[in-house]
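Structure at a glance
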Amino acid sequence: MMLNRLFSNERTNIIKNGIYVYKETIRKPTRQYFHSFHRHNNNNPRDRTRIRLSNSLPKVLAKDTPRSVFEKRTPPIRRHTYHTCSIAYNPSSTRAIDNLRVAFQWRQLDFNYASDEERNAAIARGDFVSENNLPLGLEVYGERLFVTVPRWKSGVAASLTYIKLTDPMDSPKLNPYPNWEAHALPESPENGTAEIVSPFRIRADKCGRLWVLDTGVAEILGDKKVYSPSQLIIYDLHNDALLRRYEIPSQQTKQDSFFANIAVEDHDCQDTYAYLGDLGAPALVVYSWKDNRSWMVSHHYFHIDPLAGDMTVSGINFHWTDGVFGLALSAPDEDGFSTLYFHPMTSTNEFSVNTRYLRNETLTEDNFREFKYLGNRGPNAQSSVSFLDQNSGVLFYALVNLNAVACWKTTNPSYTMQSQGRVYMSNVTMVFPNDMKVDANGNLWVLSDKLPIFMYSNLNPDEVNFRVLTAPVAEAIHGTACDSKLIISNDISDRFLLNKNSGNTADGGKSSGWDFRLGISFILTFILIKQVQSAEDCLNLDISISQTVENNGFHNKINWMLEFLSPDSDTLKKFKAKFALHLNMPSGVYVNPDEIADLSRLGELSAHIEDDVNIEATEKESEPHDVFIFLPGDYEKEVIVTLPVHLRYHMAKIGGGYDKVILPKPSLLVITDVGAGKFCDECVMIKGPCDRENSATCLWNTIVYKALFDQLELLVPIGNVDHFPFVAVATLVLGCMGCMYILSVLSAH
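Residues numbered from 1 in each chain as written. Predicted model: local features only at pLDDT ≥ 70, side-chain atom pairs only at ≥ 80, totals over all residues. Heavy atoms only, no water.

**As for the overall build of the protein**
Selection rule: Helix numbering and strand numbering both begin at the N terminus, where a helix is a DSSP run of H or I of at least 4 residues and a strand a DSSP run of E of at least 2. Only the protein chains shown count as cover for residues, with accessible areas throughout obtained via the Shrake-Rupley method and a probe of 1.4 Å.
Secondary structure summary: the protein contains 11 helices and 45 strands in total. As displayed, the protein offers around 33,500 Å² of accessible surface, 50% of which is attributable to carbon and sulfur atoms.

**Points about the side chain of Asn132**
To keep things clear, this is the line we draw: Residues are treated as being in contact if the distance between any of their heavy atoms lies within 4.5 Å.
Among the structural elements, Asn132 can be located in the loop between helix H3 (116-125) and strand S6 (138-141). For Asn132, the contacting residues outside a window of four places in its chain are Lys153, Ser154, Val156 and Phe454.

**Brief notes about the sheet that holds strand S18 (residues 283-288)**
Worth spelling out the cut-off: Between any two strands, pairing holds if DSSP finds at least two bridges. Axis angles are defined between N-to-C directions and span 0 to 180 degrees, where every axis is a line fitted to C-alpha atoms and, for a helix, only to the segment in contact.
On the basis of which strands lie adjacent, the open sheet formed by four strands has the order S16-S17-S18-S19 and antiparallel pairing. Of all strands in the sheet, those with a lone pairing partner are strand S16 (259-265) and strand S19 (293-297), marking the two edges. In this sheet, adjacent strand axes meet at a mean angle of 20° when their direction is disregarded. Two strands pair when backbone bridges link them, and S16 and strand S17 (residues 273-278) are joined in this way by six bridges, in the antiparallel orientation. From the neighbouring strand, Glu265 faces S17, where its bridge partner is Tyr273.

**Here's the deal with the packing of aromatic side chains**
Rules: The rule is short: rings of Phe, Tyr and Trp, with Trp giving its six-membered ring, pair when the centres are within 6.5 Å, and they are stacked under 30 degrees, edge-to-face over 60, tilted in between. Partly exposed residues are those whose accessible area sits between 20% and 50% of the maximum for their type, while under 20% is buried and over 50% is exposed, using a 1.4 Å probe and protein chains only.
By the definition in use, this model includes 28 aromatic pairs. Taking 6.2 Å as the distance between ring centres and 55° as the angle between the ring planes, the aromatic pair formed by Phe111 and Trp180 counts as tilted. Of the two residues, Phe111 is situated in the loop between strand S5 (101-106) and H3 and Trp180 in the loop between strand S9 (175-176) and strand S10 (199-204); the sequence distance between them amounts to 69 residues. Residue classification places Phe111 among the buried residues on the basis of a relative accessible area of 0%. On the basis of relative accessible area, Trp180 is assigned to the partly exposed category, the value being 26%. Ring geometry for Phe554 against Tyr649: centres 5.1 Å apart, planes inclined by 40°, an arrangement best described as tilted.

**Some thoughts on the nonpolar core**
Our working rule: By nonpolar core is meant a set of buried Ala, Val, Leu, Ile, Met, Phe, Trp, Tyr and Cys residues that side-chain atoms within 4.5 Å join together.
Counting 68 residues, the largest nonpolar core has Leu100, Leu145, Trp152, Trp320, Phe396 and Leu444 as its most contacted members. Looking at this core element by element, the count peaks at five residues for helix H5 (residues 451-456). Ignoring any residue separated from it by four or fewer positions in sequence, one finds Phe396 in contact with Val385, Ser386, Phe387, Asp389, Ala406, Cys407, Val423, Met436, Val438, Leu444, Val473 and Ile477. Residues Leu541, Leu631, Leu647 and Phe709 belong to the second largest nonpolar core, which totals 38 residues.

**Digging into the pattern of salt bridges**
Keep this limit in mind: For salt bridges, the criterion is a side-chain nitrogen of Lys or Arg within 4 Å of an Asp or Glu carboxyl oxygen.
Enumeration according to the criterion identifies 17 salt bridges in this entry. For Asp110, the salt bridge goes to Arg119, with nearest N and O atoms at 3.1 Å. Note that Lys450 and Glu463 form a salt bridge whose closest N and O atoms lie 3.1 Å from each other. One end of the pair, Lys450, is in the loop between strand S31 (443-448) and H5; the other, Glu463, is in the loop between H5 and strand S32 (466-472), and 13 residues separate them in sequence.

**What to know about the state of the cysteines**
For clarity, the cut-off: To count as a disulfide, a pair of cysteine sulfur atoms needs to be within 2.5 Å.
According to the stated counting rule, one finds three disulfides in the structure shown. What pairs with Cys690 in a disulfide is Cys698, and their sulfur atoms sit 1.7 Å apart. Measuring the twist about the S-S bond at about 110°, one finds the Cys690-Cys698 disulfide to be right-handed. Residue Cys736 stays outside any disulfide, its sulfur separated by 6.4 Å from that of Cys739, the closest cysteine. For Cys736, a relative accessible area of 39% translates into the label partly exposed.

**Digging into the side chain of Asp110**
Counted only if it meets this: Whenever a nitrogen or oxygen atom comes within 3.5 Å of another N or O atom, the pair is scored as a polar contact, on the condition that within protein one atom can donate a hydrogen and the other can accept it, and that pairs from neighbouring residues in sequence are kept only if both atoms are in side chains.
In this fold, Asp110 is placed in the loop between S5 and H3. At a separation of 3.1 Å, a polar atom in the side chain of Asp110 contacts the side chain of Arg119. What Asp110 contacts, discounting residues up to four positions off in sequence, is Arg119, Phe128, Lys173 and Leu174.

**A short note on the sheet that holds strand S15 (residues 241-247)**
Strands sit in the order S10-S11-S14-S15 across an open sheet of four strands; the sheet is antiparallel. The sheet is open, and its two borders are formed by S10 and S15, each paired with just one other strand. Taking the axes of each pair of neighbouring strands and ignoring which way they run, one obtains an average angle of 20° across the sheet.

**Topic: a nonpolar patch on the surface**
The criterion, for reference: Within this analysis, patches are made of residues with over 30% relative accessible area and no salt bridge. Like charges are joined at 9 Å or less; nonpolar side chains (Val, Leu, Ile, Met, Phe, Trp, Tyr) at 5 Å or less.
Judged by side-chain polarity, Tyr741, Ile742, Leu743, Val745 and Leu746 come together as a nonpolar surface patch covering roughly 540 Å² of accessible area. Positionally, Leu746 belongs in helix H11 (residues 724-748). Using a relative accessible area of 60% as the deciding quantity, one classes Leu746 as exposed.

**Examining the environment of Val405**
As for its position among the elements, Val405 is in strand S28 (residues 404-409). For the pair Val405 and Met436, spaced 31 residues apart in sequence, the C-alpha to C-alpha distance is 9.4 Å. Sequence-distant contacts of Val405, that is, excluding residues within four places in its chain, are made with Tyr397, Gly421, Arg422, Val423, Tyr424, Met430, Pro433, Met436 and Val446.

**Description of H11**
For clarity, the cut-off: To estimate the expected span of a helix, count its residues, drop one, and scale the result by 1.5 Å.
Over its 25 residues, H11 runs 36 Å from end to end, which matches the ideal 36 Å to within 8%, given 1.5 Å per residue. Across the 25 residues that make up H11, only a small minority, zero, are buried.

**Things to note about the environment of Phe128**
With respect to the helices, strands and loops of the structure, Phe128 is situated in the loop between H3 and S6. Taking relative accessible area as the criterion, Phe128 reaches 2% and is therefore assigned buried. Each C-alpha atom of the pair Phe128 and Ala158 lies 8.9 Å from the other, and the pair is 30 residues apart in sequence. Among all residues touching Phe128, those that are not within four sequence positions of it are Leu109, Asp110, Phe111, Tyr113, Arg119, Ala122, Ile123, Asn133, Gly155 and Ala157.

**A look at unusual backbone geometry**
Here the amide bond leading from Tyr177 into Pro178 is cis, since omega sits at -5°, within 30 degrees of zero. Take Pro178: it is sitting in the loop between S9 and S10. The backbone phi angle of Asp240 is positive, close to 65°, even though this residue is not glycine. Its place among the elements puts Asp240 in the loop between strand S14 (231-236) and S15. At Asn380, a residue that is not glycine, the phi angle is positive and equals roughly 60°. Mapped onto the secondary structure, Asn380 falls in the loop between strand S25 (372-376) and strand S26 (383-389).

**Some points on the pairing of strand S38 (residues 625-630)**
Of all six residues that make up S38, six are buried, and the element is covered over most of its length. Burial of the side chains of S38 extends over both faces: His625, Val627 and Ile629 are buried on one face and Asp626, Phe628 and Phe630 on the other. Relative to S38, strand S35 (residues 578-585) is paired through six bridges, and the arrangement is antiparallel. When the sheet's bridge partners are listed, Asn584 is paired in S38 with Asp626. Sheet analysis places strand S37 (residues 607-609) next to S38, joined by three bridges and oriented antiparallel. Of the residues in S38, the one forming a bridge with Ala607 is Ile629.

**Considering the confidence of the model for the protein**
Definition in use: Per-residue confidence from the predictor is given as pLDDT, running between 0 and 100.
When pLDDT is averaged along the protein, the result is 79; 77% of the residues meet or exceed 70. Taken together, the stretch residues 1-96 has pLDDT below 50 and engages in 319 contacts with residues farther than four places along the chain or on a different chain.

Below, the structure written as structure tokens:
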């Protein structure tokens, strides 16, 4: 959210990236050829130019297509190493991946007013503006699902709400919590405040208390109004009575402070601790329920990674500097302390610290090194919220840059890409996962809300924008790395244990412990040898792709040349490798389905389009869709494909000018009959059609390739609405004159 930058009107660049599996690009520039084109209103951080990207269907050219098609058009380029591996998971149980189901969904939020008259009156006063309401935080307790609706803009009717788990799935109306009166804001902060102003996230503890972390700030994206200092508000969930209100002392905050997340250590209902994450001025504020006081904890690990601030969600590129964000608590150890797992949002690293060193101010200052670095999630794996299921020991976290939820089993000593599991990933139902919880019954709940689109563009009221997804934890992690266990044969382990305890040795049993350790070492060595042998049989791909463009205007052709540097064609035949390109067609461009059908009949193209394409629709009326291009099975050293791209008309705007359409790099997919995942590099896997007829679904590997080109930018001319009066009058006059002429000709005959 990078609210400290929003307040300072920091400029944000917006680009469009429609690739299903996101990538990290490591650039080694030689000479710069492509030029960027940006349109910004520097005075208004909310006024952003929304940019559409483009992909389309390639046409396979003949093998003897001359290289001059590329050589004569290839300018000086940037050479990139192109990485697509982001989340690794157990490929042997892929049928269980993405088990979350949609429990509730909304196009726009609405509230449960006492009557239609009250609702209409609220709309007339500006107290309720439906399009300005966005759900952000959630919690489940009993039969209620609580949802926060922060006051990003004016017109938020209530910022803490709930629905019942028995409510209908589609667009259930929100009920204010605890009542309407608690959300009645005065016209200005000088006239007082409300009981609840604008909370982001909440937590229900096992003692039946609802902890509400209230920012005290309204209209965050507009004319910001500070009604109160950041505060904790605690309610009794048994009767919804207010138990306590605690304002965070000013000496524990800074100018950029913004509290967006909370974790509650509730093993002892009388000695409970709350951990409040300050993402703006990175720090933790620790609150003691017993003492009704708080203190601030600082550490270098709370700060951002400056290399991780670039993010892209649903084609909108933005730069955030959010510090400590994800907070998750383990079950207590034998001394009654938990482990706090945490990470900044602008980072791909994970850290931990025992709460023994957070509960005591002196211990915190004297034990700087008790904060532990666990590892890195991998490229583009910035995470916002996290939550730990204390029964299974699984840490869940939201990967906002990947539209995904992932997990890590805390008993695993290794925190790497390979030790993490993909729980759910979708560019439709999981666009920007923004909060998650595990309830008392062991169910995982995740809320996705398209926040970057809400902040920097506009949500489409005709499509579903907000969703709450759920599944039992056991089902959510089934088939992932979080569900895997190392099992030693009972026969072998029993022999070692028997030998350890029998004492049948020359020294009276003193060497049995050594024998046991030797046996375990033998097993681990055997496993390592098998892994090395397996690695020798893996498929190591070295592929580069070049790109050129033909024509200009609304109708273009893009040529791609794939060079198979290694392995040779015989090796590919041995593995029975099949390649495809995965393209996400944004709403700003299209390919003609009839044109593609003709190419298919001629045997020049094998492609499958996931959705219907309306070639007459404008950019605003269109939806993105996925396209799979299946490359010919006989792979020589080079394969050339051509893609016809047709730009859509864009809506006119004041001043006219141009909109920019950016064509991102395609994803390169491969599958083998030997088995999915038989590759030397661990890569992301996606489901897609096996062939043009979509006769079956295959699990494709998204692999690394060398991209010898940059993103292509095309300018689309758009109309100037300032010319509307002249154009309308001229059209009317010319139309009338044409009609009169036709009538005169007809009457003469």
